[in-house]
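Residue-level structure breakdown
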Amino acid sequence: MLRIDNLTKTYGSFKMNISMEVTPGSIVGIIGPNGAGKSTAFKSILQLIRPESGSINLFGTEIGVAGEKMNTEMKNRIGVVFSDSGFSGYLNGKDVRNILKNMYKDFEEEKFDNYCRQLNIPMDKKLKEFSTGMKAKMRVIAALTHKADFLILDEPTAGLDVLARDEILDILREYMAEKDDRCILISSHISSDLENLCDELYMIKSGEIVLHEACDVLLSDYAILKVSEEEYGKIDKEHILRRRKENYGYMCMVRERRYYMENYPGIVIEKSSIDDLIQMMIKGENV
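The following paragraphs examine the structure supplied in this document. (Residues numbered from 1 in each chain as written. Predicted model: local features only at pLDDT ≥ 70, side-chain atom pairs only at ≥ 80, totals over all residues. Heavy atoms only, no water.)

Some details on unusual backbone geometry
If you check the backbone angles, lysine 147 has positive phi at about 60 degrees while not being a glycine. On the secondary structure map, lysine 147 appears in the loop between α5 (132-144) and β7 (150-154). Backbone geometry at serine 206 places phi at a positive 50 degrees, although glycine is not the residue there. You can see serine 206 is positioned in the loop between β9 (200-205) and β10 (208-214). (Helix = DSSP H or I, 4+ residues; strand = E, 2+ residues; numbered from the N terminus.)

Structure follows, in structure tokens:
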């Protein structure tokens, strides 16, 4: 569905250079700190900004620096959410529905209305009177109601409470279940959303992909070791990806949790969360 090879974009001292792939039937997450390059990557894919070099292959067509412009058919196959964009505040839900109906040949009016009822979106109220969460829901509804094959979602659950986030995640799962070859590329600062949704995760730092792994592997095989100076001196460091100096000794991020459990039963080994991995990749150092 999407393949990116050595895509570069420079803003002053910041330079993005990434390669990644989203295959049909998969949900792929991008995680990383603010300013790491997530939104830059999304905008490059959507041709909202022009990268300096590299290639983007979308739906089997080259649309990168040397490729062609995205045509109407390709745009119709994509559903997009950006957390910092949306419809005019002077529109109401009915206005949004009419705009989408004129924009997309496959707009699903009944599904739009059903989602609005399900997510408690008033049709006659102006968007400027919506809460932050209601605006976020409307952006997601707009992306999901024109039979898109590929969703590109930048912080789609930002501003939502726990219950509303769960509703949106369930809707995204339903979207994937409707057709086998659909896919989603999603970023979020809420790691639990990605843990429960994604098949793969890319971690981006300072414009570069620093980790790519299947989500179930991250949650099952990766771990955090907490060891004293003496213990650190004795353990096998082959599987340590990052380390961070602490008062008690070292915190270490490893990929082979079972190996350390079997060979070093006396040390502290904690299952890692996505947040733990982000912290170690950002603040840790190479061994």
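As for the nonpolar core
Counting 55 residues, the largest nonpolar core has Phe112, Leu172 and Ile184 as its most contacted members. Counting residues per element, this core draws most heavily on α5, which supplies eight residues. Leave out the neighbours within four places in its chain, and leucine 172 touches Leu144, Leu151, Leu153, Ile184 and Leu197. Counting 30 residues, the second largest nonpolar core, distinct from the first, contains Val22, Ile45, Ile63 and Ile78. (Core = buried A, V, L, I, M, F, W, Y, C linked by side-chain atoms within 4.5 Å. Buried < 20%, exposed > 50% of the residue type's maximum accessible area, 1.4 Å probe, protein only. Contact = heavy atoms within 4.5 Å.)

A closer look at helix α4 (residues 109-118)
Note: α-helices contain 3.6 residues per turn, so residues at a spacing of three or four share the same orientation. All of the buried residues along α4 are Lys111, Phe112, Asp113, Tyr115 and Cys116. On its buried side, α4 packs onto α3 (93-103), α5 and α6 (162-178). At the exit of α4 stands asparagine 120, carrying a positive phi of roughly 60 degrees.

Looking at the sheet that holds strand β13 (residues 249-254)
An order of β12-β13-β11-β14 is seen for the four strands of this open sheet, with the pairing classed as antiparallel. The strands lining the two open edges of the sheet, one partner per strand, are β12 (240-246) and β14 (268-271). Here the average twist between neighbouring strands, direction ignored, is 20 degrees. The pairing of strand β11 (residues 223-228) with β14 spans four bridges and is classified as antiparallel. What sits directly across from alanine 223, in β14, is lysine 271. Docked against the sheet, helix α11 (residues 274-283) engages β11, β12, β13 and β14, running at close to 80 degrees with respect to β12. (Pairing = 2+ DSSP bridges. Axes fitted to C-alpha atoms, helices over the stretch in contact; angles between N-to-C directions.)

Spatial relationships are all this shows, so hold off on functional conclusions.
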